[in-house]
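The primary structure of each chain is shown beneath.
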Amino acid sequence: MKNIKIIERKPSVEEYIKLRNSVGWKILQHDKIEKGLDNSIYCICVEDQDNIIGLGRIIGDGGTVFYIQDIIVVPSYQKQKIGTLIMTKLMEYIDNNCINEAIIGLIAISELDKFYKKFGFTNNQNNRFYRYNG
Ligand SMILES: CC(C)(COP(=O)(O)OP(=O)(O)OC[C@H]1O[C@@H](n2cnc3c(N)ncnc32)[C@H](O)[C@@H]1OP(=O)(O)O)[C@@H](O)C(=O)NCCC(=O)NCCS
């Protein structure tokens, strides 16, 4: 863990595809990825010796609605609290930039209930997780 760096930056399209591939997620159309990443409101990349090993981003309107997307840690680095580090940085950004009544959402598998509960999210029975700031 000693060379791990957490950086506020947008991933490149290639890095984004590499990370999605590492966890077996569907790869989307190249030009659409670029547009999607450009429209992110905040991105976090985690690097180990300049190689990207983790990612998280926020999309939304930047004031009242935030959506957490693409929380990924490559499998060989999982279970070392890197996911927690990414979520902590994203929630810090939201807490510093949102109004009190902001709606913050994400979609996740129910196995991750505990992981997201630590950040104040409640599973709404259908794997859509919400947190209302207030
Ligand atoms: C989900 C993910 C980002 C977690 O990253 P991580 O670095 O392994 O997470 P952490 O080490 O910070 O784990 C924090 C806690 O969540 C739990 N946790 C992490 N991944 C889990 C999983 N897949 N299933 C169940 N619990 C999990 C850990 O056991 C740990 O619990 P503890 O605090 O009681 O020890 C990572 O497993 C991943 O990239 N998964 C594939 C992509 C994915 O599903 N992303 C989430 C999309 S919503």
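Check the entry above for the structure.
Residues numbered from 1 in each chain as written. Predicted model: local features only at pLDDT ≥ 70, side-chain atom pairs only at ≥ 80, totals over all residues. Heavy atoms only, no water.

A. Representation of the nonpolar core in the model. Residues Ile68, Met87, Leu90 and Phe121 are the most contacted members of the largest nonpolar core, which totals 36 residues. Secondary-structure elements contributing two or more residues to this core are helix H1 (13-22), helix H2 (30-38), strand S2 (42-48), strand S3 (51-60), strand S4 (65-73), helix H3 (82-97) and strand S5 (103-107). With six residues, H3 is the largest single contributor of residues to this core. Those residues within four positions of leucine 90 in sequence are excluded, and the remaining contacts are Tyr42, Ile44, Gly56, Arg57, Ile58, Ile68 and Ile71. (Core = buried A, V, L, I, M, F, W, Y, C linked by side-chain atoms within 4.5 Å. Buried < 20%, exposed > 50% of the residue type's maximum accessible area, 1.4 Å probe, protein only. Helix = DSSP H or I, 4+ residues; strand = E, 2+ residues; numbered from the N terminus. Contact = heavy atoms within 4.5 Å.)

B. Up close: the environment of cysteine 98. Here cysteine 98 is to be found in the loop between H3 and S5. Judged by its relative accessible area of 17%, cysteine 98 is buried. Separated by 26 residues in the primary sequence, cysteine 98 and isoleucine 72 have C-alpha atoms spaced 24 Å apart. The residues contacting cysteine 98, other than those within four sequence positions of it, are Gly63, Phe66 and Asn133.

C. Summary view of the layout of surface pockets. Empty space within the largest pocket amounts to approximately 980 Å³. Around the largest pocket, the lining is made up of 27 residues, and of these Ile71, Gln78, Leu112, Phe115 and Tyr116 lie nearest the centre. For the lining of the largest pocket, the element with the most residues is S4, which contributes seven residues. Among the residues forming the lining of the largest pocket, the class breakdown is 15 nonpolar, five polar and seven charged. (1 Å grid on protein atoms, 1.4 Å probe; cavity = no way out; pocket = protein on both sides within 12 Å on 5 of 7 lines; lining within 4 Å. Points joined across faces, edges and corners; volume = space filled by probe spheres on them. Nonpolar A, V, L, I, M, F, W, Y, C, P; charged D, E, K, R; others polar.)

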